[in-house]
Amino acid sequence: VKGRGRLDLDSYTDLKAHFTLEPGSQDHPDPLKPGMRQSELFGEQAVSLEGLRRWSDTKGEGWHVQRRLPGGKTESRWMSAITWGSWRLAFLLARLQRDIWVQAPLTA
């Protein structure tokens, strides 16, 4: 973790090789939430998507994580499924970034 609670993404590049066989978005349990496993979608192990959303536009696709800063501004990170090589890894990194921000919020 770097300053301001930002995930040091360079520390995770070696994980890309472990996700090379992940399916495309249409082959995930919920194609509208690619990268999430079935157990994360429903039931006791369901993962909150607060602060997270899937994004897809002309610049790319992946998971976007956002937090509100003191004073009303926002900070966000974009975890690209293309850059990271899989929807699963992009989701995990976005969720980790969100969790770090939740556990150590900035104060005014």
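Coordinates for the structure precede this section.
Here goes a summary of the coordinates provided. Nothing here was measured: the structure is a model prediction, and the numbers come from that model.

Section: helix α3 (residues 87-103)
Consideration 1: The end-to-end C-alpha separation of α3 is 24 Å, in line with the 24 Å expected for 17 residues at 1.5 Å each.
Consideration 2: Taken residue by residue, α3 has W87, R88, L89, A90, F91, L93, A94, Q97, R98, I100 and W101 as its buried positions.
Consideration 3: Against α1 (38-41), β1 (52-57), β2 (60-68), β3 (74-80) and α2 (81-84) lie the buried residues of α3.
Consideration 4: Taking the backbone nitrogen of R88 as reference, a side-chain oxygen 3.4 Å away marks S86 as the first, capping residue of α3.

Comments concerning the environment of S25
Consideration 1: When you line up the elements, S25 lands in the segment before α1.
Consideration 2: Note: C-alpha distance between S25 and L15 (10 residues apart in sequence) is 19 Å.
Consideration 3: Leaving out residues up to four positions away in the same chain, S25 has contacts with P31, P34, R54 and W87.

What about the pairing of β1?
Consideration 1: Sheet analysis places β1 next to β2, joined by six bridges and oriented antiparallel. Along β2, the bridge assignment pairs R54 with W63.
Consideration 2: Connecting β1 to the antiparallel partner β2 that follows it, the hairpin turn spans two residues.

Considerations on the nonpolar core
A general tendency of soluble globular proteins is for nonpolar side chains to be buried together.
Consideration 1: Judged by nonpolar contacts, the single largest core of 20 residues is most densely connected at W63, M79 and L93.
Consideration 2: Broken down by element, this core gets its largest block of residues, eight residues, from α3.

Quick look at the side chain of H28
Consideration 1: Mapped onto the fold, H28 is located in the segment before α1.
Consideration 2: The exposure class assigned to H28 is buried, which follows from its relative accessible area of 8%.
Consideration 3: In terms of polar contacts, H28 uses its side chain to reach the backbone amide nitrogen of G35, at 3.0 Å.

Parameters at a glance
Residues numbered from 1 in each chain as written. Predicted model: local features only at pLDDT ≥ 70, side-chain atom pairs only at ≥ 80, totals over all residues. Heavy atoms only, no water. Helix = DSSP H or I, 4+ residues; strand = E, 2+ residues; numbered from the N terminus. Expected span 1.5 Å × (residues − 1). Buried < 20%, exposed > 50% of the residue type's maximum accessible area, 1.4 Å probe, protein only. Contact = heavy atoms within 4.5 Å. Polar contact = N/O pair within 3.5 Å; in protein donor to acceptor, adjacent residues only side chain to side chain. Pairing = 2+ DSSP bridges. Core = buried A, V, L, I, M, F, W, Y, C linked by side-chain atoms within 4.5 Å.

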